[in-house]
Structures are given as structure tokens and as C-alpha cells.
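The residues making up each chain are set out below.
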Amino acid sequence: MGLYMNKLINFIVGSTLILLITGCDDKSISLYEEDYGVLDNGILIKQYIFENDNQMKVKIINYGAIVVSIEVPDKKGKINDVVLGYDSIDGYVQDPSYFGAIVGRVGNRISKGKFSLDGKDYALAINNNENHLHGGIQGFNKKVWTPEITESNGLPALKLTYLSPDGEEGYPGNLNLEVTYTISNKNELIIDYFGTTDKATILNPTNHSYFNLSGAGNGDILDHVLKINADYFTPVDKGLIPLGNHESVLGTPMDFLNPKKIGERINNDDNQLKVGLGYDHNWVFNNWDGTLKLGVTLFEPESGRFMEVFTTEPGVQFYSGNFLDGTNIGKNQKAYQYRSALCLETDHFPDSQNNSNFPSVVLRPGEEYKQKTIYQFSTK
Ligand code: BGC
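Residues numbered from 1 in each chain as written. Predicted model: local features only at pLDDT ≥ 70, side-chain atom pairs only at ≥ 80, totals over all residues. Heavy atoms only, no water.

Here we look at the pattern of salt bridges
Part 1: Per the stated rule, a full pass over the model turns up 14 salt bridges.
Part 2: Between Glu-33 and Lys-46 there is a salt bridge, with its nearest N and O atoms 3.8 Å apart. With a gap of 13 residues between them, Glu-33 in strand E3 (residues 28-38) and Lys-46 in strand E4 (residues 44-51) connect regions that are remote in the sequence. (Salt bridge = Lys/Arg side-chain N within 4 Å of Asp/Glu carboxyl O. Helix = DSSP H or I, 4+ residues; strand = E, 2+ residues; numbered from the N terminus.)

So, the site of the ligand
Part 1: In the vicinity of the ligand there are 13 residues, among which Arg-109, His-208, Tyr-210, Asp-280 and Glu-345 approach most closely.
Part 2: In the environment of the ligand, an oxygen atom lies 2.8 Å from a nitrogen or oxygen atom belonging to the side chain of Arg-109.
Part 3: Here an oxygen atom of the ligand and a side-chain polar atom of His-134 are 2.9 Å apart.
Part 4: When the ligand is considered free in solution it has 310 Å² of accessible area, and contact with the protein chains removes 94% of it.
Part 5: Most atoms of the ligand, that is more than half of them, are within 2 Å of grid points of the largest pocket.
Part 6: Within the shell around the ligand, the residues separate by chemical class into five nonpolar, five polar and three charged. (Near = heavy atom within 4 Å. Polar contact = N/O pair within 3.5 Å; in protein donor to acceptor, adjacent residues only side chain to side chain. Areas by Shrake-Rupley, 256 points an atom, 1.4 Å probe, with all protein chains shown as cover. 1 Å grid on protein atoms, 1.4 Å probe; cavity = no way out; pocket = protein on both sides within 12 Å on 5 of 7 lines; lining within 4 Å. Sits in = over half its atoms within 2 Å of the grid points. Nonpolar A, V, L, I, M, F, W, Y, C, P; charged D, E, K, R; others polar.)

Considering the sheet that holds strand E20 (residues 225-228)
Part 1: Pairing within the open sheet is antiparallel, and its nine strands lie in the order E13-E14-E15-E16-E32-E26-E25-E20-E23. Edge positions in the open sheet fall to strand E13 (146-152) and strand E23 (260-261), since each of these has one partner strand only.
Part 2: Direction of pairing for strand E25 (residues 293-300) relative to strand E26 (residues 305-311): antiparallel, over a ladder of seven bridges. The residue bridging Phe-299 from the neighbouring strand is Phe-306, located in E26. (Pairing = 2+ DSSP bridges.)

Observations regarding the packing of aromatic side chains
Within a pair of aromatic rings, the relevant descriptors are the distance that separates the centres and the angle that separates the planes.
Part 1: Under the defined criterion, the tally for this structure stands at 21 aromatic pairs.
Part 2: Aromatic pair Phe-299 and Phe-306: ring centres 6.3 Å apart, planes at 70 degrees, arrangement edge-to-face. Each member of the pair, Phe-299 together with Phe-306, is buried.
Part 3: Each member of the aromatic cluster is reached from another via a ring pair, and the members are Tyr-86, Tyr-92, Phe-99, Tyr-210, Tyr-319, Phe-323 and Tyr-336.
Part 4: Sitting over the face of the ring of Phe-299, Lys-380 holds its NZ or CZ atom 4.9 Å from the ring centroid. (Phe/Tyr/Trp six-rings, centres within 6.5 Å; stacked < 30°, edge-to-face > 60°. Buried < 20%, exposed > 50% of the residue type's maximum accessible area, 1.4 Å probe, protein only. Lys NZ or Arg CZ within 6 Å of the ring centre and 35° of its normal.)

This is how it looks when you write it as C-alpha cells:
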């Protein structure tokens, strides 16, 4: 793949900003902006559209830093949008399922919303039974982010910034988070996270896209074939809170070390699957060292679409869409049914701050929070 370094053309057509990068091999990526919708308070939300030369198109809005669509070809060249979402801003404002959003400050559950840091106890907003989930009542998925069209590694990029004030949802410190989205001509969606704080806090954001490689709304994901590079997962209690230990996947339906159909064992008589109502667990990647590594692959045999997930994170929450029940009316008025999509949320382990043996999610003044995840699409 050529280096994208030659021509950076940045011009304005009407209200639309177009950024086009042409590389040595004449491949180009464009990024442009258009109006998306207006919130009840009058704020205009923008949509950013990336397109490359290999039939990949990705749309992102600055509400919730949400990935609205990912269009990629199947093995015959047919294009489908492979993530769940809505047709308008109202859908995202009302959405209870975090479609496509950046969730945070801390993704997944914090037991009873409580944690201690430097000897001080904190009580976070409670929004999931007795627990805190995905950043609280008004998490990052419901915030307006400040957009900036920029360049990252020679590629056009969208940087979305959100300043979360001290005390928001109970979290300490003014936290500044930048999420930068880029696409490449290798059909990668690249997500970079950068955060700083002015008081010690906890931070563990992730992207909450719901994938269905047959196309959003086209049946369930039980025939998708999943591979997770993890010998261990973190078992949970009835409230989906980690027990604190690592358990071997061997001999259990959690074993995805070799590619397995998701539906093959999802209804097994297994204690962990019962509490999750299916898969809703964190897997512990093998040999984590903070560098970018392939952690997960997902294959859908009929379309031939293949997705690889690379990440710097130590774990992934694989959620098999067990709470989808047909009440989310999504794009093209399709009702999203039970297990019609799955999330692969790369992050630190849930409830890390209450489990000292899990890698730390603490961020202190002067430190820089940096993580990267890439979802790469191809066919086979
Ligand atoms: C969690 C599920 C939760 C869902 C919300 C997932 O990340 O693991 O337990 O219900 O998000 O849509």
C-alpha cells in the first residue's frame, strides 16, 4: 500500500468541507461534512462521510461520536451496511442500546456505581438495576462532541473532542477525551483515543457498534464464525458484574480460540451463558502488552465478509445482542430482533477499579491516555 503523503486538497463547496488525500498509487480517501439533524435545544449535528477507493463508506456524527454506518462489499461486490443504527437524529437521541456510540467515561458496569481512588469514595449515577453502566444516565453517547476535520498518519481524519466536567455522572476531574476516526484503503476503520485529566479519575471508553456482516437487519448473527485470542474470560455474577477471577475457556462455550459458530453453543446449559442470557462477557487477550495486536476475527460465510479487530486493549466485551427484542426500529424501518447483531467492545475489563488484579483504568494529571482499535473488513 502506498504512502498517503502527496496531495492534500482541502476546499469548501457550499457548506461542505471536502478533504481529499491522494497517495502515490493514485488511491484516494475523501472526507466531507454535511448537516445531519437538529436537537431539541437547536444544536445542529453534523455528519462526516468517509469514502475510499475500495468501496468502503463510513458515516459518523458528532452526537455520541456515533458510527452511523459502515458500508463494505461482500465477496461478490455487493455493498451492505454492516452496523445497526437509525435513519435520523431522533433515533439516536432516544436510543437505549448505545448503537455505534463511544461509551464512557467507563464502558460496561461498575458494581453499585461505587469505587475508591486515593482513599476517597465515589458514588456514580445508577442506571442499570443497582449498577452503573456505560458512563451513566447521560454518558458520552448522549453528548455533543466538537468536530474537527484533520489528518492522522497521512489520512483524512475526524477528531471529536468532549470535555467531561468534574463531577459529571459522579466522576472526578475535568476529563478531555479526543476520539479520532480514520479509514484507510485497506478497508480499516481506525479509532484512536487520547485523554487527559486535571484530577485522578477512571477512564475506559469503547466503541459500541453492533455488527451484522450480512447487513444490518438481515437476520441473526448465530451463523457468524468468531475467533477470540483468549485463554481466559472474566466470569460474572447475576448482575453481570465480574467475580474478579480469570477462568479458563477450555471445555466451555466461551472457547473461541479456534473459529466457532456463535450459535453452536449459545443455548448450552451453562451457568455463565444463563446469567448473560447468551454471550455478554469480557475475554482476556493472550500476551497483552499494550501494543496493537489482532484480538478477534469474525466471519459470515454467506456474504464472505470477514472482520479483524486489532487493538491495544487487554480485553473485549463480546455481547451477542441478547437484549435486542424488536423494539428498536432502525434504518429503513427495520425492527432489530433478538441477537440480530453483536458488539466487540475492546477495552479494559469491566469493574476494574473494584478488582485490583485487573489492569488499572486510573488516569492521573500529567498522564496521557492512549488506545487504538482497528476494525478491518475483507472477504474470503
Ligand atoms: C453490555 C450489555 C448491555 C448492552 C447495552 C453491552 O455492552 O455488555 O450487558 O445490555 O451493552 O446495550
